[in-house]
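A look at the structure
Each chain, letter by letter, is given below.
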Amino acid sequence: MPDVEMKDITMRWGNVIAAEDVNLKIQDGEYVTILGPSGCGKTTLVRIIAGILKQTKGEVYIDGKDMADVPTEERDIGYVFQNIALFPHLDVMENVSYGPRVRDVQKPEWERISHKYLELVKLLDKMKMFPSELCGGEQQKVSLARALSTGARLLLLDEPLSALDARVRVDLRYELRRLVKSLGLTTLHVTHDQEEAMSVSDRIVLMRSGRIVESDTPETMYMRPKSIFAAYFIGETNLLEGLIKKTDAAATTVELRDGTLIEVATTDFREGEPVVISVRPEYVYPAVTGIHAVVSSVTFVGTHFRIVAVADTDDRVEFDVPATVEREYKKGDDVNLTIDKRSAIVYARTPGELGEATKLE
Amino acid sequence: MPEIKLEGIRKHYGSIKAADGLEFTVKDGEYLCLLGPTGAGKTTALRIIAGLTEPDSGKVFFDGRDVTDIEPEDRKAVLLSQTYSLFPHMTVAENVLFGPNIRNWPEEVRVKTLANMLDLVRLTRRSDAYPKELSGGMQQRTALARALASGAEVLLLDEPLRALDARLRISLRYELRSLAKSLGITTIHVTHDQDEALVMADRIAVIRKGKVQQIGTPIEVFERPISPFVANFLGQSNFLQGSVTHVDGMTEVRDEQGRTVAAGTANVEVGERVAVGIKVGNTEITKERYGYLQGIVERTLFEGRNIFVDVMVAGLGRFSSRIPAGRSREFSVGDKVSIKWSPEKATVFRLKDRSLDDELRVE
């Protein structure tokens, strides 16, 4: 399967910059997800790779070959969109065999190909049905089979699961990854859903305002994000502002706004530097000492309760307690909170940056 | 604000039963989520309450008053669609004042209403912007302000967060709920997203095939589901079928392969055919030899805070377990594991002659 390389890609629409100096390499057989908020330029990149859009600057290479003069239909690409675009008057089989048939593939061969992909998406038994007789999840599987039956070796998925119900979406994530991996396809998937990105990809590329912010495996991106924006966008997190009190080989101590001292794994920051501690709700625990806070809301979220508390530092702190725990928390309760020192990450704090980093729209 | 009551609502489109004896009550000032898969009839229910769709039979009451034949504009119930339907050629302010303007409210009332509404939805500084210049979240707040400005007492929200980015959606859940609660307005929110419903609702009505399957607080519907469908739709469950072998505080069930599992108290008899449902979050996997079931780890899926571990159990199929991501190193594909749970976290459902697959079908 091909590898893909984008070199210094810039896309401008008049004064609007949709992508700027993007450099991205996707390995043969790799499943890469571009994640980012609406308008970050992720769809633009996919369209440039597909050849639907012509970049203002930069080059796209597929399998080492410059795509400058290669039209979309010669790029061996399978493309699946958010809006399921099946031919309504063709049945499932006819939809899936459409690609091979327009390429003049003979009947026994296009039948074999269509069977193969319909079997992969587990829809062989529905090949005589029309799109309107299928539910959303099945329709999207047909789109996928159709995209692949053209012999695509590079799969581009633009929000393929966004139009589906939450539950169906979760089931299809599995299917998507299984399918792509079993065929060994190189895949680029675009989404605004961080959970989806984490569960399907080998690697996540996080974008914002037309630029790549960072790129790493899902696990590293969640556990050790390099920027406050990544920490906040990839999952929920608590952000505590403070100053470095002391640091040595064993630990770094941060003084929060109310004087509370928090110890975290050692960092390179120097005494007195303004910092932000990021710690996910699942790594904040009620304790006897620690950050003092007052509970402002308690919400049942299934297997646990999500508790929001306002700390004496004025920071808002969210944490979870299992639904089986005996203590009942209610609004107005005093709590002391401690954080898992290895899971907390310390970032440099510059004026105004926190507000900017946590802006979602 | 009005209490809303639906009684025996039926609405058929050909062979499709969008409402099939739909009944529920929403209390004054309550935030109710109608949760169900696509095609369950959620939007039809909203449209019938708004007066935009006429039911084939059944009645709608607002505060005990039959409004079934009352025009939409006289119901003070505003429906907000998924796409917000703002007027594209009007500014935020003009959109918000659309209702007051056609009703010819006095100038000073209009000015005051506009100021209040924009303040409420934090759009004062964007009052001259056009919808296309706004982000999805801002468009949604504009639509909300427009609905409230015309004096809505009942807010009908059709997938209000669907068009927004996943991360933003999570942040806006609290905001939308607290806005509705602070106004004391009666709210019905339609969603297919169980997490959204759990977090936002005072009560959840789970809808399937035009009927309410269960209505209750988030804790009630999550922890005490009345059907396999509800158990699976909220929080995803693993199921095992078998017959009851012992009833004594706990319930013991044996499957066809002779495996015995324990579940919570249930009103069933020995010999009865049942399904046992356990939420994936309450399904524990361990490398110890002892557990109700044994299987092989088939795949793991990283979700951020949690990982999902799928275990193939011979003769039973896939059992999933959601465990904290911190434990991700404990299991790898191919490992032999045991599956167990706290019996009181497992729910017993009588199957009678129904098939479990039919009970669970989502679409």
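Source: prediction; values computed, not measured.

About the criteria used
Residues numbered from 1 in each chain as written. Chains lettered and ligands numbered in written order. Predicted model: local features only at pLDDT ≥ 70, side-chain atom pairs only at ≥ 80, totals over all residues. Helix = DSSP H or I, 4+ residues; strand = E, 2+ residues; numbered from the N terminus. Buried ≥ 20, exposed ≤ 12 C-beta atoms within 10 Å, placed from the backbone. Contact = placed C-beta atoms within 7 Å. Nonpolar A, V, L, I, M, F, W, Y, C, P; charged D, E, K, R; others polar. Pairing = 2+ DSSP bridges. Axes fitted to C-alpha atoms, helices over the stretch in contact; angles between N-to-C directions. pLDDT = per-residue confidence, 0-100. Parallel < 35°, antiparallel > 145°, perpendicular 65-115°, else oblique. Left-handed = near helix turned anticlockwise from the far one by under 90°. Core = buried A, V, L, I, M, F, W, Y, C linked by C-beta atoms within 7 Å.

**Topic: the overall build of chain B**
When helices and strands are tallied, chain B shows ten helices and 20 strands. Referenced to the eigenvectors of the C-alpha coordinate spread, the extents of chain B come out at roughly 75 × 45 × 35 Å. Every one of the 363 residues in chain B was classed for burial, and the buried ones make up 44%. Counting only contacts in chain B whose residues sit at least 6 apart along the sequence, the fraction spanning at least 24 positions is 66%.

**Observations concerning the overall build of chain A**
Looking only at helices and strands, one finds ten helices and 20 strands in chain A. Its C-alpha atoms put chain A at 75 × 50 × 35 Å along the principal axes. Per-residue burial over chain A gives 43% buried out of 361 residues.

**Some points on the interface of chain A and chain B**
Contacts between chain A and chain B engage 32 residues on the former and 33 residues on the latter. Sorting the residues of the side of chain A that touches chain B by element identifies α5 (136-149), α6 (166-183), α7 (194-200), α8 (218-223), α9 (228-234) and β16 (291-300) of chain A as the ones contributing at least two each. Here the residues of the side of chain A that touches chain B are counted per class, giving 13 nonpolar, ten polar and nine charged.

**Digging into the sheet that holds strand β4 (residues 57-62) of chain A**
Residue and element names in this part refer to chain A. Overall, antiparallel pairing links the four strands, which are arranged β2-β1-β4-β5 in an open sheet. Looking at strand neighbours, the two that pair on one side only are β2 (16-26) and β5 (65-66), the edges of this open sheet. Strand direction decides the pairing type here: strand β1 (residues 4-13) and β2, joined by seven bridges, are antiparallel. Its bridge partner being in β2, Trp-13 is matched across the sheet by Val-16. Each of β1, β2 and β4 touches helix α1 (residues 42-50); the most contacted strand, β1, lies at about 115 degrees to it.

**Overview of the confidence of the model for chain A**
Of the residues in chain A, 100% reach a pLDDT of 70 or more, and the chain-wide mean stands at 92. At the low end of the mean pLDDT range in chain A sits helix α10 (residues 353-357) of chain A, at 79; at the high end sits strand β3 (residues 31-35) of chain A, at 97.

**Comments concerning the packing of helix α4 (residues 107-120) of chain A against α5 of chain A**
Residue and element names in this part refer to chain A. Running from N to C, α4 and α5 cross one another at 140 degrees; their axes reach a closest spacing of 9 Å. The angle between α4 and α5 places the two elements in the oblique class. α5 is crossed by α4, and the crossing has right-handed handedness. Between α4 and α5, the contacting residues are Ile-113, Ser-114, Tyr-117, Leu-118 and Leu-120 on the first element and Ala-145, Leu-148 and Ser-149 on the second. Partitioning the contact of α4 with α5 into residue classes produces six nonpolar, two polar and no charged.

**Observations concerning the nonpolar core**
Residues and elements named next belong to chain A. The biggest cluster of nonpolar side chains holds 96 residues, and the ones touching the most others in it are Leu-45, Leu-156 and Ile-277. Looking at which element gives the most residues to this core, the answer is α9, with seven residues. Setting aside its immediate chain neighbours within four residues, Leu-156 contacts Val-46, Ile-49, Ala-50, Ile-77, Gly-78, Tyr-79 and Leu-188.

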